[in-house]
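# Geometric and topological summary
Below are the chains, spelled out letter by letter.
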Amino acid sequence: MIKVTLPDGSVREYVSGTTSLEVARSISEGLARNVLAAKINNQVWDATRPLTTDATINLLTWDSLEGKETMWHSTAHLMAEALESFYPGIKFAIGPPVENGFYYDIDFGDRSFSADELEKIEKKMLELASQKNEYIRKNISKADAIAYFKEKNDPYKLELLEGLNDGDITFYTQGNFTDLCRGPHIPNTGFIKAVKLLRVAGAYWRGDEKNKQLTRIYGISFPKDKELKEYLTLLEEAKKRDHRKLGKELELFTFSEKVGMGLPLWLPKGAMLRERLVQMLQKAQIKTGYLPVVTPHIAQKELYVTSGHYEKYGKDSFQPINTPQEGEQFFLKPMNCPHHCEIYKSSPKSYKDLPVRLAEFGTVYRYEQHGELHGLTRVRGFTQDDAHLFCRPDQVKEEFCKVIDLVLYVFNALGFEHYTAQISLRDKEDRSKYIGSDENWNLAEQAIIESAAEKGLPTVVEYGEAAFYGPKLDFMVKDALGRKWQLGTIQVDYNLPERFQLEYTGSDNQKHRPVMIHRAPFGSLERFVAVLIEHCAGNFPLWLTPDQFAILPISEKYNAYAENVKNALSAKDLRGFTDERNEKIGKKIRDNEINKIPFMLIVGEKEEAENKIAVRQHGKGDIGVFGIDEFATFVTQIIEKDLNKHNQ
RNA sequence: GCCGAAGUAGCUCAGCUGGUAGAGCAGCUGAUUUGUAAUCAGCUGGUCGGGGGUUCGAGUCCCUUCUUCGGCUCCA
C-alpha cells in the first residue's frame, strides 16, 4: 500500500500501482472525467502512470495552467499524426505547448505547406480525436530510439537524442503516431473536442538563422467547442484594438510607400497628442533638474567608433552619407548617448556639478530588417525621450530612485497598471562578457535592487540579461494580442564614460570617472503611443485625447450658440469642435461615439434659453444638464486627478 | 533577410471556371431644420500596387518587383 496526500492535506491509502486517474475516480466520477494530468511531488505526470511510492498528488484539469499545457502538447502530437497521414515522410522537429496553444516545427522536404490546407488537417484531427486513442508511454533504450529515427530518416529527432541520456528516454504513441517525448500527455485524444490551427510560419531549427528553415504550424485546442468560440471572439476583439487600425481610424499617423517603410508620418491629431506627451514629461523633468540639450541627426563615423557602436552595429546600419569634396563619412544618429557624452566633455566638471542630467527628445534612425517592421512598435526612425545622467558612483542609487519615480509618474498618468519591471543582472557564471570593475557592478546591481525594493516595484530578476556595459531595469507592457514590448528603461553604464574618457575632479583633487545612467520613461514615443492605443483601445486619458468634447447642435439654428459654448470652453483650456453638419442628432451622436469623443455636448432650444449644455459621455450616455463653467470644472478635475495619480 | 498570406475608389469589401470594373460608408450638390447610436435624392470618384509575358481579349493565368500582414525566444 502507498500513502497519497491530497492538496487539502488529507491522506488516503491505495495499492501500489494505482494511477492518478484511479485516485481521481475514487474521489468522484466527475473529477475523473476531467483529469488531464497530475502533479506528483511537484512533477507533472501522465494521469495514467502508476504510482508506486508515497506521494503528494495534485490532479490537474483544464482549469490549471499545467492542465492546459498538457492538453496542448498532446494536441501537437495529434496534429503530427494528422499531418503524417496526409504527407508520409515529413520530418518532425519540436512541438511544445506555448502561452496560447501549441506549435509543431515540421520539415516538409521539397513540398511547401500552405495555409489553405489547415482546414483539412483540423478535420482529420477531430476525426482522430473522436477515436479516443490512448497516449501510451514507453521507456526505450537510446540505441533503439536512434534506430527508430534512423529508419524514419528524421535528422532533428536524432540531433535531439544526442543530448539525452540512455535510461531517461521515452516514446509516446497515440493511434498511428509515435514520437520522442518526455511527456506528460492527457489520457486519450477524446479530451480534445475543439481544434483551431491558427497560422503557418517559418521558423529556423533551434532558432538559428544559419539553420534550415522549417514550417511551423500554430494551433490551439479546447475541451469544449464553446471555449474555442469564445477564444476566437476574444481574438477578434483584440484585433479591434490594434494600434495600426485605430491609428488610421482616429487619424493619428500613417505610412507612405514613397516616404519609405518603417518611417511613420504623424498626422495633426497624432502629432498634437505626441506633443502633449512630450510636454508632460518635459515639465516633470525640469522639476527634477534635467537640462535640455539638442543634437543633430547625423554625426561623423569617428563618434560611433569611439562609442563602440560602429563596431557592434555598423555593418547592419544604414549606409554612411559622404560629403562630396572631402569624402568624409557621416552616419544617421542611431542613439543620442555619444552626443551627450561630448556635451558633458565640453566643460570641466567638479564633483559638486554632479549629477548632470542631459535630456533630449532625440530622433534616431536604425536599420531594422524588412520583416521585423511592425506598425509603430518596430520602425526605422523614432524619437526617444532620452536622458543621460552623469553621476558619482555614490549617487547612482538616489538617481535611480528618482528615475523610477518619474517612470511611475508617467505610467500612472496614462493608466498603465499592468506592467512587469524586469531587473537584468550579470550572468552569474560568466563575468568575462562584461566590462567594468566588479566593485562598480556590485554597487550598480545593489543600487537597482534596492531602489526597486524601496519603491515597492513588483520585479522579476533575470540573470545574464544585463547589457555588456551595465545592469538595467526595464518596464514591459503587453499589447492587445499579448505580445510583450519593452517601454521604459533605466540602464547603468560604465562603458561610455570609459570610452569617451569622461572625468570629474573629486574632493580629493583627483580625476574620477563618472557613471552614466541612460533612461527613457516612454522608451520611444512611437512604440509608447502604439502600446497606449492598444491599452486604452483608443479611449485616451482626457488630458491626452485629441478632442475632449464635440458640441452637437440639434439643428443649424443653434450653431451660433454652439460657437459661444466652444469659445467659453476654449478659454478654459479645453479642446473640441462643433459638429455643424446638416445631420440629425442621432447621426451626430453615432458618428462622434464611433470616433471615441469623450464628451458630446448637445445644444438646442432649451439649452440656449438656459445657457446650458446637455452632456453625453462616451460609452455611458446622457449624464445630465450642466452649466458651461460647471462642465469645465468637472473636466478639469478629472484631468488633475489622472495626472496626479502617482502622488496620491 | 527567410517561410507563408495578402494588395480592387479616401475607408471596409464583392467580382465563380479569362469576356465592357461593383456595393456600403466617406466626399460633393440639393431638399429637409431635425432632441440622444445611421433623413432622403442626385453626383463625383479606380492605369484593379508597379513592370513584363500568355491570349482576339487579363482584376482573373504565368514571371518579376514593391509594400503590407502573421511568424522566425518558448528546446523531445
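This report concerns the structure included in the present document. Please read these numbers as outputs of a predicted model, since none were measured by experiment. (Residues numbered from 1 in each chain as written. Chains lettered and ligands numbered in written order. Predicted model: local features only at pLDDT ≥ 70, side-chain atom pairs only at ≥ 80, totals over all residues. Heavy atoms only, no water.)

Another point: the environment of tyrosine 561. Note on placement: tyrosine 561 falls in helix α17 (residues 559-571). Residue tyrosine 561 is classed as buried on the basis of its relative accessible area, which comes to 5%. Between the alpha carbons of tyrosine 561 and glycine 308 there is a distance of 63 Å; along the sequence they are 253 residues apart. The contacts of tyrosine 561, once residues within four sequence positions are left out, are Val603, Glu607, Glu608, Asn611, Lys612 and Ile628. (Helix = DSSP H or I, 4+ residues; strand = E, 2+ residues; numbered from the N terminus. Buried < 20%, exposed > 50% of the residue type's maximum accessible area, 1.4 Å probe, protein only. Contact = heavy atoms within 4.5 Å.)

Every one of the 55 residues lining RNA strand B counts as a neighbour, but Leu180, Arg199, Gln213, His370 and Asn582 are closest to it. Counting only the atoms of RNA strand B within 4 Å of the protein, the fraction contributed by sugar and phosphate is 53%. Here glycine 202 contributes a backbone N or O atom positioned 3.0 Å from a base oxygen of RNA strand B. Elements represented by at least two residues in the surface near RNA strand B include exactly α6 (155-162), β14 (194-204), β15 (213-222), α8 (243-249), α18 (585-594), α19 (605-610) and β34 (612-617). Looking at the surface near RNA strand B residue by residue, the class counts come to 19 nonpolar, 14 polar and 22 charged. (Near = heavy atom within 4 Å. Polar contact = N/O pair within 3.5 Å; in protein donor to acceptor, adjacent residues only side chain to side chain. Nonpolar A, V, L, I, M, F, W, Y, C, P; charged D, E, K, R; others polar.)

Under the counting rule described, the total for this entry stands at 29 aromatic pairs. Where tyrosine 148 meets phenylalanine 171, the ring centres are 5.3 Å apart and the plane angle is 65°; that geometry is what we call edge-to-face. Here phenylalanine 171 lies in strand β12 (residues 170-174) and tyrosine 148 lies in helix α5 (residues 142-152), a separation of 23 residues in the sequence. What makes tyrosine 148 partly exposed here is its relative accessible area of 29%. Residue classification places phenylalanine 171 among the buried positions, given a relative accessible area of 4%. Pairing phenylalanine 411 with phenylalanine 475 gives two aromatic rings, centres 5.6 Å apart and planes at 65°, and the pair type is edge-to-face. Within this pair, whereas phenylalanine 411 is found in helix α13 (residues 396-413), its partner phenylalanine 475 is found in strand β26 (residues 472-478), the two being separated by 64 residues in sequence. (Phe/Tyr/Trp six-rings, centres within 6.5 Å; stacked < 30°, edge-to-face > 60°.)

Attention now goes to the packing of helix α3 (residues 65-86) against helix α4 (residues 118-130). Where α3 contacts α4, the axes come no closer than 9 Å and their chain directions differ by 115°. Between α3 and α4, the angle falls in the class roughly perpendicular. Regarding α3 and α4, the two cross each other, and that crossing is right-handed. Each of Thr75, Leu78, Met79, Glu81, Ala82, Leu83, Ser85 and Phe86 in α3 lies in contact with α4, whose residues at this interface are Lys120, Ile121, Lys124, Met125, Leu128 and Ala129. Residues belonging to the contact of α3 with α4 are distributed by class as follows: 9 nonpolar, 2 polar and 3 charged. (Axes fitted to C-alpha atoms, helices over the stretch in contact; angles between N-to-C directions. Parallel < 35°, antiparallel > 145°, perpendicular 65-115°, else oblique. Left-handed = near helix turned anticlockwise from the far one by under 90°.)

This part covers helix α16 (residues 525-536). With 12 residues, α16 should cover 16 Å at 1.5 Å per step; its first-to-last C-alpha distance of 16 Å lies within 8% of that length. Counting buried residues in α16 gives 11 out of 12 residues, a clear majority hidden from the surface. Buried within α16 we find Leu525, Glu526, Arg527, Phe528, Val529, Ala530, Val531, Leu532, Ile533, Glu534 and Cys536. Of the residues trailing α16, alanine 537 is marked for its positive phi of about 55°. (Expected span 1.5 Å × (residues − 1).)

The subject of this paragraph is the pattern of salt bridges. Under the criterion given, the structure shown has 36 salt bridges. Across the pair aspartate 179 and lysine 157 runs a salt bridge, and its minimum N-O distance is 2.9 Å. One end of the pair, aspartate 179, is in strand β13 (residues 177-180); the other, lysine 157, is in helix α6, and 22 residues separate them in sequence. We classify aspartate 179 as buried; its relative accessible area is 2%. Residue lysine 157 is classed as buried on the basis of its relative accessible area, which comes to 3%. For glutamate 230, the salt bridge is made with lysine 226, and the minimal N-O distance between the two is 3.8 Å. (Salt bridge = Lys/Arg side-chain N within 4 Å of Asp/Glu carboxyl O.)

Next up on the list: helix α20 (residues 628-643). With 16 residues, α20 should reach 22 Å at 1.5 Å per residue; the first-to-last C-alpha distance of 23 Å fits that figure. Listing the buried residues of α20 in full gives Ile628, Phe631, Ala632, Val635, Ile639, Asp642 and Leu643. End-on view of α20: buried residues confined to an arc of 100°, all on one side of the axis. Away from its buried face by more than 90 degrees, α20 exposes Gln637 and Lys641. Contacts made by the buried residues of α20 are with α9 (268-287), α13, α17, β33 (599-603), β34 and β35 (621-627). (Arc of directions from axis to C-beta.)

Before going further, it helps to spend a moment on the pairing of β34. Relative to β34, β33 runs antiparallel, the two being bridged by 4 bridges. Paired with isoleucine 602 across the two strands is alanine 614, which belongs to β34. Inspection of the sheet shows β34 paired to β35 by 6 bridges, in the antiparallel sense. Each residue of the ladder has a partner; that of alanine 614, found in β35, is valine 625. Here β34 hands over to β35 after 3 residues, with glycine 619 in that stretch at a positive phi of 80°. (Pairing = 2+ DSSP bridges.)

Taken in spatial order, the 3 strands line up as β19-β21-β20 in an open sheet, and their pairing is antiparallel. Looking at the sheet topology across the chains shown, the edges are occupied by β19 (298-300) and β20 (321-322). Examined bridge by bridge, β19 and strand β21 (residues 329-332) share 3 bridges and lie antiparallel to one another. The residue bridging alanine 299 from the neighbouring strand is phenylalanine 331, located in β21.

On to the environment of asparagine 539. Position of asparagine 539 among the secondary structure elements: in the loop between α16 and β31 (549-553). Using a relative accessible area of 32% as the deciding quantity, one classes asparagine 539 as partly exposed. Once the C-alpha coordinates of asparagine 539 and cysteine 181 are considered, the two residues, 358 residues apart in sequence, prove to be 47 Å apart. Ignoring sequence-local partners within four residues, the contact set of asparagine 539 consists of Lys596 and His618. A distance of 3.1 Å separates a polar atom in the side chain of asparagine 539 from a polar atom in the side chain of histidine 618.

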